[in-house]
Protein chains: 4
Amino acid sequence: MSEQSNKTRENILKAAMELFAEKGFHETSMAAIAKRAGLGKGTLYWHFSSKDELFKQLISEKGEGLFRQLRELLNQKFSPEKILKEFIRIKLIFMIENRELSQILLNNMQFTDQEFKLKLFQRHKEMVQELQKIIQRGMDEGIFRRGSSRDTAVAIIGMINSMNSILFFEDEDIDITEKVEFLYRMIMCGIKNE
Amino acid sequence: MSEQSNKTRENILKAAMELFAEKGFHETSMAAIAKRAGLGKGTLYWHFSSKDELFKQLISEKGEGLFRQLRELLNQKFSPEKILKEFIRIKLIFMIENRELSQILLNNMQFTDQEFKLKLFQRHKEMVQELQKIIQRGMDEGIFRRGSSRDTAVAIIGMINSMNSILFFEDEDIDITEKVEFLYRMIMCGIKNE
Amino acid sequence: MSEQSNKTRENILKAAMELFAEKGFHETSMAAIAKRAGLGKGTLYWHFSSKDELFKQLISEKGEGLFRQLRELLNQKFSPEKILKEFIRIKLIFMIENRELSQILLNNMQFTDQEFKLKLFQRHKEMVQELQKIIQRGMDEGIFRRGSSRDTAVAIIGMINSMNSILFFEDEDIDITEKVEFLYRMIMCGIKNE
Amino acid sequence: MSEQSNKTRENILKAAMELFAEKGFHETSMAAIAKRAGLGKGTLYWHFSSKDELFKQLISEKGEGLFRQLRELLNQKFSPEKILKEFIRIKLIFMIENRELSQILLNNMQFTDQEFKLKLFQRHKEMVQELQKIIQRGMDEGIFRRGSSRDTAVAIIGMINSMNSILFFEDEDIDITEKVEFLYRMIMCGIKNE
DNA sequence: AATGAATGAGGGTTCATTCAT
DNA sequence: GATGAATGAACCCTCATTCAT
């Protein structure tokens, strides 16, 4: 695992990320990735055992950070409101810094490897459940209105994710704080005046 | 176009719908569709000129209803709140009655035919813009709190769509009214107590 | 075999002739023939057992005339020169009156049915041999210069056939007598002056 | 483009040539070509983008030589007679050395790619026109008898081509000079004695 | 480490042919 | 006699994967 080798590996991941985001998993061929990375087709197989594996590692490696951050956050002893706001911020920042990966995650969840698909699904479910716990705590503490904590958690994540379509086409300079405030307020107070 | 022929056509659409929802567009072969429909491969091509065409017609025909309903609604002279609530209801009912199509629409938006992809994208955009107008009207009338009407519209649609993951796995009897109320309240008042 | 039935049959043959001449055997589908004849696909199979059979009958029926005429001619007790000239005339007239069939015969001799292919080949060979006999007779009688009678016969037929490319694109009014004279003279005297 | 790669390419061309000559373009499948070349199907597509392309390159590459030779000849400042004789010689030699290609060129002129078909047709036409000019010159110089130079050129080429049916089935040792003399004399003097 | 030629399973599509109506 | 929906073998072609160099 020399310096050079590692660099090549990153090149491949970068090329793959771009193409998967642009055209989706199935419409992207290994040949296309190799070409964009400026490498021979064979080289891809020296670094990744298969196209599926490449895709998985792409998602795992880059997505790991978000998952870890969120998990840490949810274990924090903050107030439900604070956790909620941070949850939004972390997801948004991730979406901005990883536009392509987000695009992939939100549009390509139908591919071959059932095991991996399940794993991602589990992870998503876990995230929902953790958020649900926070929501539940907020309800129990009388901070949040009573209701289905699961539906609420799902809806919150849906709202945040929906921003992807906006962020993906936006220019470089996005006022994250503003977007966070917007979402937080909408989740907390809704859109009704007063 | 006899009675029988039309029935066959519907069979194909049904089989295709199921498989596309289950495994996605690319992972579904024409052979698999034919087999599930209990037909020969060639028959599919008597009714649809290509796999792309089959997919397009599937989405167009079945999706047309939702689009029309929503458009009618948005042209109604109702109050913004009423329109919002009806918007939610219509989308939810569609999602329940067309679980498979919804699944497809939310997970397969990356396929070959760029023209059709664009058309769907345009339609989605139009929907957002129409909802945005309603939101804007509500803001102008002092019913809704001021803010980005676009972000609000996108977030609302995101919330509604997020319910798909819940509805898709749910049993038959879902209390739609309850779900509508839940979403409407959450959108209007948020989750904060009081 | 009613009047009507026979008419339908002729329609099919006509449509097939046109298409085979235009696009060749393999590039012409039964569907295309049916469409041009203004009939359903199934109807073709009521009149002809297969595409091959249709093609064969097309060639046989229409080509039979030429074959018979030539055979009769070659059995005549005319002088070699007269037979040669008549040979040319009959072939040319046939080519003009059956442009499409000639086009087919000269460009589609590579198709499936080996047996029929062989039959046509045999017929062609027989024609050559008969002409060869005439040539030989002419040589023996001192009318024609001595040489390979086979090569001569083949060359003569080649010359006549080559006119097809001219006749096919020519307008309606072709002076046959002139063309016959041209070929006859060229065959007899060559192109040298004096 | 290594040594080996080039060899594989030639193998494919050789196998394709044989099969196209034997059975024609449409009756020859890519699978059959691959099998005869002792290669996998996919390999054909590494070297040629499609079956059409393979066919085109086959004809272009191998046919180019004849075309070039004839063009050079026709630009020579030789006497019309000499050019005519050389014309015959070059065509005959080509037909003997490229029996299969000649067979293909004379029997498969009805295939898909209209553009290429036109190109070949144009080339043929050009050849006729060039020969026609020579004939015309001969007529003007009083060497050849007056008449339609076009018909004469077409007839000459027809005669030469007709030899293909003889050469194709002939054994290895053909006396080219004799055949050339035969054709030349027949064209010049015809078959009449004296 | 890297390459590109080679492979073949698999997929979309065509089309001659059949057959119930 | 006529039709057109249905069929499936056969075809062209793609592409993930392998491997000798």
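Residues numbered from 1 in each chain as written. Chains lettered and ligands numbered in written order. Predicted model: local features only at pLDDT ≥ 70, side-chain atom pairs only at ≥ 80, totals over all residues. Heavy atoms only, no water.

Per an unreviewed UniProt entry, chain A is named HTH tetR-type domain-containing protein, and its organism is Anoxybacter fermentans.

### Remarks on the relation of the copies chain B and chain A
Convention followed: C-alpha atoms of residues with pLDDT of at least 70 in both copies form the basis for the least-squares superposition of the copies. Any two residues whose heavy atoms approach within 4.5 Å at even a single point are treated as in contact.
The operation relating chain B to chain A is a screw motion whose rotation component is 180°, with 0.0 Å of axial translation and a residual RMSD of 0.1 Å. Between the two chains, the operation in question is that of a two-fold axis. Proximity to the rotation axis, assessed at the C-alpha, singles out Gly190 of chain B in chain B; its C-alpha lies 1.9 Å from the axis. A share of 100% of interface residues in chain B that are also interface residues in chain A marks the association as one of identical surfaces.

### A word on the side chain of Thr8 of chain D
Residues and elements named next belong to chain D. This is how it is decided: A helix here means a DSSP run of H or I that spans at least four residues, while a strand means a run of E at least two residues long, and both kinds are numbered starting from the N terminus. Relative accessible area decides the class of each residue, using a 1.4 Å probe on protein chains only: under 20% of the type maximum gives buried, over 50% gives exposed, and in between gives partly exposed.
Position of Thr8 relative to the elements: it lies in helix α1 (residues 3–23). A relative accessible area of 11% places Thr8 in the buried class. Not counting chain neighbours up to four residues away, the residues in contact with Thr8 comprise Leu39, Thr43 and His47.

### Quick look at the domain arrangement of chain A
Residue and element names in this part refer to chain A. Going by this rule: What marks off one domain from the next here is an automatic or database domain assignment. The quantity reported as buried area is the accessible area (1.4 Å probe) lost by two parts once they are put together, taken as the sum for both. One speaks of a salt bridge when a side-chain nitrogen belonging to Lys or Arg is within 4 Å of a carboxyl oxygen belonging to Asp or Glu. N or O atoms closer than or at 3.5 Å make up a polar contact, with two conditions inside protein: a donor-capable atom paired with an acceptor-capable one, and, for residues adjacent in sequence, both atoms drawn from side chains. Three classes are used: nonpolar for Ala, Val, Leu, Ile, Met, Phe, Trp, Tyr, Cys and Pro, charged for Asp, Glu, Lys and Arg, and polar for all others, with Gly counted as polar.
Assigned domains within chain A: domain 1 (1–48) and domain 2 (58–189). When each unit is reduced to the centre of its C-alpha atoms, the spacing between domain 1 and domain 2 is 28 Å. Between domain 1 and domain 2, the residue contacts involve eleven residues of the former and eleven residues of the latter. For the pair domain 1 and domain 2, the summed buried area comes to about 940 Å², and 67% of that belongs to carbon and sulfur atoms. Considering only the side of domain 1, the residues that lose the most area to domain 2 are Leu13, Met17 and Ala21, jointly responsible for 51% of the buried surface there. Between the two partners, domain 1 and domain 2, sit two salt bridges. With a closest N to O distance of 3.6 Å, Glu10 and Lys62 form a salt bridge. If you look at where domain 1 meets domain 2, you find one residue pair in polar contact (both at pLDDT 80 or more). Its residues assigned to classes, the side of domain 1 that touches domain 2 shows six nonpolar, two polar and three charged.

### Re the interface of chain B and chain A
Contacts between the two partners involve 47 residues from chain B, matched on the other side by 47 residues from chain A. Interface area, chain B with chain A, both sides summed: about 3,900 Å², of which 55% is carbon and sulfur. Area buried by chain B at its contact with chain A is led by Gln110, Arg145 and Ile191 of chain B, which between them contribute 21% of it. Between the two partners, chain B and chain A, sit two salt bridges. The partner of Lys179 of chain A in a salt bridge is Asp151 of chain B, with the nearest N and O atoms 2.8 Å apart. Summed over the shared surface of chain B and chain A, the result is 14 residue pairs in polar contact (both at pLDDT 80 or more). Those elements that place two or more of their residues in the side of chain B that touches chain A are α1 (3–23), α6 (99–107), α7 (114–140), α8 (149–169) and α9 (176–189) of chain B.

### What about the packing of α7 of chain B against α8 of chain B?
All names here are of chain B. To be explicit about the condition: Helix axes use the C-alpha atoms of the stretch in contact, all axes being lines fitted to C-alpha atoms, and the angles between their N-to-C directions lie in the range 0 to 180 degrees. Note that the term roughly parallel is reserved for angles under 35 degrees, roughly antiparallel for angles over 145, roughly perpendicular for angles of 65 to 115, and oblique for everything else. Two helices crossing with the near one rotated counterclockwise from the far one by less than a right angle form a left-handed crossing, whereas a clockwise rotation gives a right-handed crossing.
Their axes nearest at 8 Å, the elements α7 and α8 cross at an angle of 120°. Considered as vectors, α7 and α8 are oriented oblique to each other. Classified by chirality, the crossing of α8 by α7 is right-handed. Residues His124, Val128, Leu131, Gln132, Ile135, Gln136 and Met139 of α7 lie in contact with α8, whose contacting residues are Ser149, Arg150, Thr152, Ala153, Val154, Ile156 and Ile157.

### Details of the interface of chain C and chain D
Taken together, the 47 residues of chain C in the interface contact 47 residues of chain D. Carbon and sulfur atoms supply 55% of the area that chain C and chain D bury against each other, a total of about 3,900 Å² over both sides. At the surface where chain C touches chain D, the tally comes to two salt bridges. Across the contact surface, chain C and chain D share 14 residue pairs in polar contact (both at pLDDT 80 or more). Those elements that provide at least two residues to the side of chain C that touches chain D are α1 (3–23), α6 (99–107), α7 (114–140), α8 (149–162), α9 (164–169) and α10 (176–189) of chain C. The greatest single-element share of the side of chain C that touches chain D, amounting to nine residues, is contributed by α8 of chain C.

### Let's talk about the protein's contact with DNA strand E
Note the threshold: What makes a residue near a molecule or strand is one non-hydrogen atom of that residue sitting within 4 Å of it.
Around DNA strand E sit 35 residues, and of these Thr43 of chain A together with Thr8, Thr43, Trp46 and His47 of chain D come closest. For DNA strand E, the backbone portion of the atoms within 4 Å of the protein, that is sugar and phosphate, comes to 69%. Here a phosphate oxygen of DNA strand E sits 3.1 Å away from a polar atom, N or O, in the side chain of Tyr45 of chain C. At a separation of 2.5 Å, a phosphate oxygen of DNA strand E approaches a polar side-chain atom of Thr8 of chain D.

### What to know about the UniProt feature "DNA-binding region" (unreviewed entry) in chain A
How we decide: UniProt positions are given in the numbering used here, feature names are shortened, and annotations may be inferred rather than shown by experiment.
Following the UniProt record, one finds the feature "DNA-binding region" (unreviewed entry) at residues 29–48 of chain A. A distance of 14 Å separates the end C-alpha atoms of residues 29–48 of chain A, which is 75% helix and 0% strand.

### Some words on the confidence of the model for chain A
Rules: The quantity known as pLDDT measures the predictor's confidence residue by residue, on a range of 0 to 100.
On average, chain A scores 91 in pLDDT, and the residues at 70 or more come to 98%. In the model of chain A, helix α6 (residues 99–107) of chain A stands out as the element of lowest mean pLDDT, 89, in contrast to helix α2 (residues 30–37) of chain A, which has the highest, 97.

### A few points about the protein's contact with DNA strand F
Around DNA strand F, 35 residues are found, and the nearest of them are Thr8, Thr43, Trp46 and His47 of chain B together with Thr43 of chain C. Restricting attention to atoms of DNA strand F within 4 Å of the protein, one finds that 70% of them are sugar or phosphate atoms. Between DNA strand F and Thr8 of chain C, the relevant distance is 3.2 Å, taken from a phosphate oxygen to a side-chain nitrogen or oxygen of the residue. Here a phosphate oxygen of DNA strand F and a backbone polar atom of Gly40 of chain C are 3.0 Å apart. Elements with a minimum of two residues in the surface near DNA strand F: α3 (41–47) of chain A, α1 and α3 (41–47) of chain B, α1 and α3 (41–47) of chain C together with α3 (41–47) of chain D.

### Points about the environment of Leu73 of chain A
Residues and elements named next belong to chain A. For Leu73, the position within the fold is in helix α4 (residues 51–75). Exposure remark for Leu73: the relative accessible area of 6% places this residue in the buried category. Taking C-alpha positions, Leu73 is 9.2 Å from Ile90, a pair spaced 17 residues apart along the chain. When sequence neighbours within four positions are dropped, the list of residues in contact with Leu73 reads Phe78, Ile83, Glu86, Phe87 and Ile90.

### Thoughts on helix α2 (residues 30–37) of chain D
Residue and element names in this part refer to chain D. Selection criterion: This arc corresponds to the set of directions leading from the helix axis out to the C-beta atoms.
What α2 keeps buried is the set Met30, Ile33, Ala34 and Ala37. Down the axis of α2, the sector holding all buried residues measures 100°, keeping them to one side. Positioned one or two residues after α2, Gly38 has a phi angle of 70°, which is positive.

### Quick word on the pattern of salt bridges
Pairs can form between side chains of opposite charge whenever their charged atoms are close. For the coordinates displayed, the defined rule picks out 56 salt bridges over all chains. The salt bridge involving Arg36 of chain D is made with Glu18 of chain D; its shortest N-O contact spans 2.7 Å. Pair noted here: Arg36 of chain D is in helix α2 and Glu18 of chain D is in helix α1, with a separation of 18 residues, a long-range link. Classification of Glu18 of chain D as buried rests on a relative accessible area of 17%. One network of salt bridges, with partners in common, ties together Lys14, Glu18, Glu22 and Arg36 of chain A.

### A look at the arrangement of the chains
No interface is formed between chain A and chain C, the nearest pair of C-alpha atoms being 32 Å apart. A minimum C-alpha distance of 21 Å separates chain B and chain D, which share no contact.

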